[in-house]
Amino acid sequence: MNPLVTAWHDAISAFSTTVSEIPDEAFAQPSLLPGWTVGDIVAHTAALEHELASGEIPAHEPDWDALPHADDLFSRYTEIGVDLRRGWSPQQLRADLAEAVAARVFDDIDDNAQITGIGGMPLTFGKQMRMRCFDIVLHDLDLRDALGMTGPVLGDGARICAEQIAGGLGYVWVKRAGAQPGQVLHVVVPDWIDAWVGVSEDGRGHFVEPGEATVTVTIPQLQFLRLGSGRRGDTGAAEVAGDAELGRKVLAGLNVAP
């Protein structure tokens, strides 16, 4: 099986397990995401998986005046499937999620094959699957944080999520930390990431071969996911060797989530 499909199965299975553990009365509890309840996160995840399985977008127009948190095109798009399901019972939301997961059948497809993704966006199969792992893993974390549950089990889906975050390290190193040509960032997430990032003469961040680092930042897996996605991470859990100020700026600017 394609490793990205395996990672998606890992992520959605973990998410579904979390949803099964949530008491019915907790679905109406506010989440940490603006405007969304715990149940809304479940609805969002099911809605996108349904869309990818069927290629159909719900014909539903929310009352946007009642949803001020949906204040741009992307957030309004993702709000449609959520708003459509508002008022559904926890049992209905659990069943809807299970139906969406069951409907996701994957052919033997190359990662570089062009497909139609969410919102009709053309992209490669590989990019779509990485985006889904990113979204599902972080929303699993959102559910658990909102309800004070222990952190999620970090499997293949979480590793793909971490790789997505690591893809933005060049931007973090140059734009957020202010690194200059000749300075090298080394980021280590044990068992997941060992990335070296340099700065070209034109001021762009890019991955380089291992060498001498200006600063090395070692971050535990869960904290890397949190800090890299704007969740409630603990920068104090990271170890910084070398230029302490640049390391602090990297940790402070690590959020690359859209």
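Our subject in this report is the structure included herewith. (Residues numbered from 1 in each chain as written. Predicted model: local features only at pLDDT ≥ 70, side-chain atom pairs only at ≥ 80, totals over all residues. Heavy atoms only, no water.)

**With respect to the sheet that holds strand S3 (residues 185-189)**
Where strands meet in a sheet, backbone hydrogen bonds hold them as pairs that are either parallel or antiparallel.
In step 1: Strand order in the open sheet formed by 5 strands is S5-S4-S3-S6-S7, with mixed pairing between adjacent strands. Two strands close off the open sheet at either side, each with one partner strand: strand S5 (205-207) and strand S7 (239-242). Shown here is a sheet whose adjacent strand axes are inclined to one another by a mean of 20°, direction ignored.
In step 2: Against the sheet, helix H7 (residues 169-176) touches S3, strand S4 (193-199), S5 and strand S6 (215-218), its axis set at about 45° to S4. (Pairing = 2+ DSSP bridges. Helix = DSSP H or I, 4+ residues; strand = E, 2+ residues; numbered from the N terminus. Axes fitted to C-alpha atoms, helices over the stretch in contact; angles between N-to-C directions. Contact = heavy atoms within 4.5 Å.)

**Considering the packing of helix H5 (residues 125-146) against helix H6 (residues 156-166)**
In step 1: Remark: H5 packs on H6, axes separated minimally by 8 Å, with the N-to-C direction vectors making an angle of 110°. What the angle tells us is that H5 and H6 run roughly perpendicular. Here H5 contributes Arg-130, Met-131, Cys-133, Phe-134, Val-137 and Leu-138 to the contact with H6, which in turn contributes Gly-157, Ala-158, Ile-160, Cys-161, Gln-164 and Ile-165.
In step 2: For the contact of H5 with H6, a count of residues per class yields 9 nonpolar, 2 polar and 1 charged. (Parallel < 35°, antiparallel > 145°, perpendicular 65-115°, else oblique. Nonpolar A, V, L, I, M, F, W, Y, C, P; charged D, E, K, R; others polar.)

**A few points about the pairing of S4**
In step 1: The buried count for S4 comes to 6 of 7 residues, which makes it a mostly enclosed element.
In step 2: The pairing of S3 with S4 spans 5 bridges and is classified as antiparallel. When the bridges of S4 are listed, Val-189 appears paired with Ile-193.
In step 3: Here S3 folds back onto S4 in antiparallel fashion, the turn holding 3 residues, of which Asp-191 has a positive phi close to 75°.
In step 4: As judged from the 3 bridges shared by S4 and S5, these two strands associate in the antiparallel manner. Paired with Val-199 across the strands is Gly-205, a residue of S5.
In step 5: Counting the residues in the hairpin turn of S4 and S5 gives 5 residues, including Gly-203, whose phi is positive at 85°. (Buried < 20%, exposed > 50% of the residue type's maximum accessible area, 1.4 Å probe, protein only.)

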